[in-house]
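Residue-level listing of the chains:
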Amino acid sequence: MSVLFRAAGLRKQFAEGPVVLRDVSLNAQPWAPLVIFGDSGCGKTTLLRCLAGTFRLDAGSVHLDDGHGHHRIDDVDPRTRAWLRREHVGVVDGELIAPPCDATRDVLVQAMAGQAAGGVQPSADAWERADELLARVGLDDAADRPVGLLGQQARRTLAIARMLVRPAAVLLLDDPLRGVLPNAVAPLGALIADAATSSALVLTTTTPPPALFDHAYDTMSLTDGVLR
Amino acid sequence: MSLPTPVVQAPRLAPPPALLRVEGLRRLFGPGCASCLTSTGDAAGTNRCPACGTIVALPGIDLEVGPGEVLGIVGESGSGKSTLLRSLALEQPVDGGRAELEGVGELFALEGRARRDVRTRALTIVHQDPFSAGLRSQLAAETNVAERLLARGDRRFEPLSMEAGGMLGRMGVHAGRHADPLGTFSGGMRQRVQLARALIRRPQLLLLDEPTTGLDPSVQATVLSLIARSIDRTLAGTVVVTHDLGVVRLLADRTIVMHHGEIVEEGTTDQILEDPVHPHTQSLVASRLP
C-alpha cells in the first residue's frame, strides 16, 4: 500500500529573526522521492526538521497517509508523535547518536534488530549483513572500532547506513551524501535509491550530486523560504 | 552479493494503548492546607506552600508510557522527578491519584504480598546507588541477582545460578567474579549487577533513576550502552529520570521537563533539545555542556 507524505503551507520563523519558510508545500511517496536543493543557509535543514516534527510550525500542517487514514504529525499528542517517529519516520539530520563505546558493527546490528532489542538476540545473519554493508561503504576496517573513535566522515557515513538498514515508511535525510567518506558516496546513493522504492523519501542537498540524480527523482529548489 | 532490500510495511496509524497511565499523582511533604495547590508550582515560582510550609513535590501529575517506549524525565534538583519515579516504583506512599499498569491494575491500591509481587515481577527500579535498590554488599553478585528469581518461587540451585549467571554475563560481568561479594565491585560493575537484577524477570516497566550519575565518563558510556541494548522496545515501557540531557538524547523517544513539581513541557526528545519553548527548558538546554 502506498504511503503518502505531504506538507501544506509551512511557515517558520525563529524569534524575531527572518522568516525561514514561507508557505511551503510538498508531496512525497514511494517511487516519487523528492530532492530539495538550495544554497547553504536557505532553510533546508529547518524544513526537514519541521517535516519531522522537531521544530514547531508557526503555520501549516504535515500529514502521513496510508490510504486508510492519516495523522497530522504536527498536531498529534506527544506520545503519538514519538511513536510515529520511532515506527514510521526515519530522520538523519545531524551527527550519529550512539553510545561512544559501541563498536561500529554493533551499531548496525542493533539497528537491524530494531524492535527486537531488549535481550532478544539479533538474527543469525545480522552480523554478516552488517559486515557486508560496512565493506560496501568503506567502513570494513572500522568494524570493531568504538564509534567514539571514528572520524567525522566515518560517523556520518555510519549514521546514514544505519538509517538505511531499516528504512521507515518516511525517510527524511538532510544532505545525506555531504561529509561522508569519499568512497561511500556512490554506494550510499544507490542504497538511498533502493530505499526510495518503498519509502516516501524527502532529502535535501546543497548541490545536486550525480550519485542521486542518476535515479529518477523529483526536484525542487528552496530560495528565500519559498519552495519552487 | 547484494543486500536484501528491507520490506517497509504500510504504517498502522495509531499507537498501541498506554502500558502505564498515571492520573492526578499527588505527593506532599508536610501537613498540607487549602492553599497548597494554588500557591505553588511553576507560575508561583516555588513548590513550598507559603501558608503552611508544605513541600508540594507533585501537585497532580498526568502521564502515559506506551509499550516499547522510553520516556525521559528531566529537571533540576528538587523538581519532583525522582519523587515521581519512586512513587511509581511503590517505594513511597502517595497522597492522591492513580497509576494503571496494563495487566496489573491500579498500582497504588496494591498492598502486602500483591504489592511485593508486582515490585519484583512487573516493575523494577534501577537507582543511582545500587544499595538503595536492595542489593547487599556482603552477598555474591550472582546471589543478589538470583534473589529476584527466588521471589518467583524457584528453589533449585543450579537453574537459578545458571540464569543469574547468564544475565550477569550479558551485562558484561565476567564469570570469574560472579561469586565475589558485591562490596568488592567498582561503581560501574555494581551498576551492571543492579541492571542484571532489574532485568532478570523481564519487567513490564523499567524505572531508571539517574542510572549513570556518579560514574566516571568511560564507565558511564558502557552502562548507557548496556541500558540501550537491554531496553525491551516491544512490550515493556521504560522511564528514565536524569539531569543529564545527553542521557535522554541517547535513550528517550519522548521527554518531559519538570519544574517545581509540574510538567512544564513535553515533546519528542529532539523537539525538547532543538526547539524548547518553556523558559526553564530553554535554560536547561542552554546550560548543556557541548
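This write-up is about the structure you can find in this document. (Residues numbered from 1 in each chain as written. Chains lettered and ligands numbered in written order. Predicted model: local features only at pLDDT ≥ 70, side-chain atom pairs only at ≥ 80, totals over all residues. Heavy atoms only, no water.)

What follows deals with the overall build of chain A. Scanning chain A from N- to C-terminus turns up seven helices and 10 strands. The C-alpha atoms of chain A give a radius of gyration of 18 Å, which matches the 17 Å a tight globule of 228 residues would have. Projected onto its principal axes, the C-alpha positions of chain A cover 45 × 35 × 35 Å. Counting only residues that meet the buried cut, chain A has 57% of its 228 residues in that class. Put simply, of all contacts in chain A between residues at least 6 apart along the chain, 69% involve residues at least 24 apart. In the form shown here, chain A has an accessible surface area of approximately 9,100 Å², with 49% of it arising from carbon and sulfur atoms. Charged side chains of chain A number 22 positive and 27 negative; the gap between the two group centres comes to 6 Å. (Helix = DSSP H or I, 4+ residues; strand = E, 2+ residues; numbered from the N terminus. Rg over C-alpha atoms; globule rule 2.2 N^0.38 Å. Buried < 20%, exposed > 50% of the residue type's maximum accessible area, 1.4 Å probe, protein only. Contact = heavy atoms within 4.5 Å. Areas by Shrake-Rupley, 256 points an atom, 1.4 Å probe, with all protein chains shown as cover. Lys, Arg positive; Asp, Glu negative; His and termini not counted. Charge placed at Lys NZ, Arg CZ, Asp CG, Glu CD.)

Picture a little ball the size of a water molecule; that probe, rolled over the atoms, points out where space is still empty. All names here are of chain B. Volume-wise, the second largest pocket comes out at about 780 Å³. Together, 26 residues line the second largest pocket, and Asp244, Leu245, Gly246, Val247 and Arg249 are the ones closest to its centre. It is helix H7 (residues 245-251) that provides the largest number of residues to the lining of the second largest pocket, a total of five residues. Looking at the lining of the second largest pocket residue by residue, the classes come out as 14 nonpolar, six polar and six charged. (1 Å grid on protein atoms, 1.4 Å probe; cavity = no way out; pocket = protein on both sides within 12 Å on 5 of 7 lines; lining within 4 Å. Points joined across faces, edges and corners; volume = space filled by probe spheres on them. Nonpolar A, V, L, I, M, F, W, Y, C, P; charged D, E, K, R; others polar.)

Turning our attention to the packing of helix H3 (residues 104-113) of chain A against helix H5 (residues 152-165) of chain A. Residues and elements named next belong to chain A. At a minimum axis separation of 8 Å, H3 and H5 run at an interaxial angle of 25°. One finds that H3 runs roughly parallel with respect to H5. In the crossing of H3 with H5, the sense of the turn from one axis to the other is right-handed. Within the contact between the two elements, H3 uses Thr104, Val107, Leu108, Ala111 and Met112 and H5 uses Leu158, Ala161, Arg162 and Val165. (Axes fitted to C-alpha atoms, helices over the stretch in contact; angles between N-to-C directions. Parallel < 35°, antiparallel > 145°, perpendicular 65-115°, else oblique. Left-handed = near helix turned anticlockwise from the far one by under 90°.)

Counted by the stated rule, this structure contains 27 salt bridges over all chains. A salt bridge links A:Asp65 to A:Arg6; the nearest nitrogen and oxygen atoms lie 3.5 Å apart. Of this pair, A:Asp65 sits in strand S4 (residues 59-65) while A:Arg6 sits in strand S1 (residues 4-13), and the two are 59 residues apart along the sequence. Residue A:Arg6 is classed as partly exposed on the basis of its relative accessible area of 27%. Here A:Arg79 makes a salt bridge to B:Glu64, at a shortest N to O gap of 3.1 Å. Residue A:Arg79 is located in helix H2 (residues 78-87), and its partner B:Glu64 is located in strand S2 (residues 55-65); the two belong to separate chains. Residue classification places B:Glu64 among the partly exposed positions, given a relative accessible area of 25%. Connected through shared salt-bridge partners, A:Arg49, A:Asp93 and B:Glu274 make up one network. (Salt bridge = Lys/Arg side-chain N within 4 Å of Asp/Glu carboxyl O.)

In this complex, chain B contributes 48 residues to the contact, which on the side of chain A involves 52 residues. Between chain B and chain A, the buried area comes to about 4,000 Å², and carbon and sulfur atoms account for 56% of it. Where chain B packs against chain A, one counts nine salt bridges. For A:Arg85, the salt bridge identified is with B:Asp270, shortest N-O distance 2.8 Å. Between the two partners, chain B and chain A, sit 15 residue pairs in polar contact (both at pLDDT 80 or more). Listing elements by their share of the side of chain B that touches chain A, those giving two or more residues are S2, helix H6 (217-230), H7, strand S10 (262-268) and helix H8 (269-274) of chain B. Ranked by the residues each element gives to the side of chain B that touches chain A, the list is headed by H6(B), at five residues. (Buried area = accessible area lost by both parts, 1.4 Å probe. Polar contact = N/O pair within 3.5 Å; in protein donor to acceptor, adjacent residues only side chain to side chain.)

Applying the stated criterion across every chain yields a total of two cavities of 30 Å³ or more. The calculated volume of the second largest cavity comes to roughly 30 Å³. What lines the second largest cavity is A:Arg79, A:Trp83, A:Arg86, B:Pro16, B:Gly66, B:Pro67 and B:Glu69. Grouping the constituent residues of the lining of the second largest cavity by class yields three nonpolar, one polar and three charged.

Let us look at unusual backbone geometry. Backbone geometry at A:Asp224 places phi at a positive 50°, although glycine is not the residue there. Assignment of secondary structure puts A:Asp224 in the loop between strand S9 (218-223) and strand S10 (226-227). Phi angles above zero are rare outside glycine, and B:Arg202 is one such case at about 45°. Checked against the element boundaries, B:Arg202 lands in the loop between helix H5 (187-199) and strand S7 (205-209).

Residues and elements named next belong to chain A. In space, the four strands of this open sheet follow the order S2-S1-S4-S5, with antiparallel pairing throughout. Pairing within the sheet leaves two strands with one partner each, and these edge strands are strand S2 (19-28) and strand S5 (70-72). Taken pair by pair, the neighbouring strands of this sheet meet at an average axis angle of 15°, ignoring direction. Where S1 meets S2, six bridges bridge the pair, whose relative direction is antiparallel. In the strand pairing of S2, Lys12 is matched with Leu21. (Pairing = 2+ DSSP bridges.)

Another aspect to go through is the sheet that holds strand S3 (residues 70-74) of chain B. All names here are of chain B. Pairing is mixed across the open sheet formed by six strands, whose spatial order is S6-S7-S8-S3-S9-S10. Whereas interior strands pair on both sides, the edge strands pair on one side only; in this sheet they are strand S6 (123-126) and S10. Recorded for the sheet is a direction-independent mean angle of 15° between the axes of neighbouring strands. Pairing geometry for S7 and strand S8 (residues 237-241), over five bridges, is parallel.

Residue and element names in this part refer to chain A. For H2, a buried count of nine out of 10 residues is recorded, marking the element as mostly surrounded by other parts of the structure. Looking at H2, one finds that the buried residues are Pro78, Arg79, Thr80, Arg81, Ala82, Trp83, Leu84, Arg85 and Arg86. Capping of H2 at its N-terminal end is provided by Asp77; its side-chain oxygen lies 3.2 Å from the backbone amide nitrogen of Arg79.

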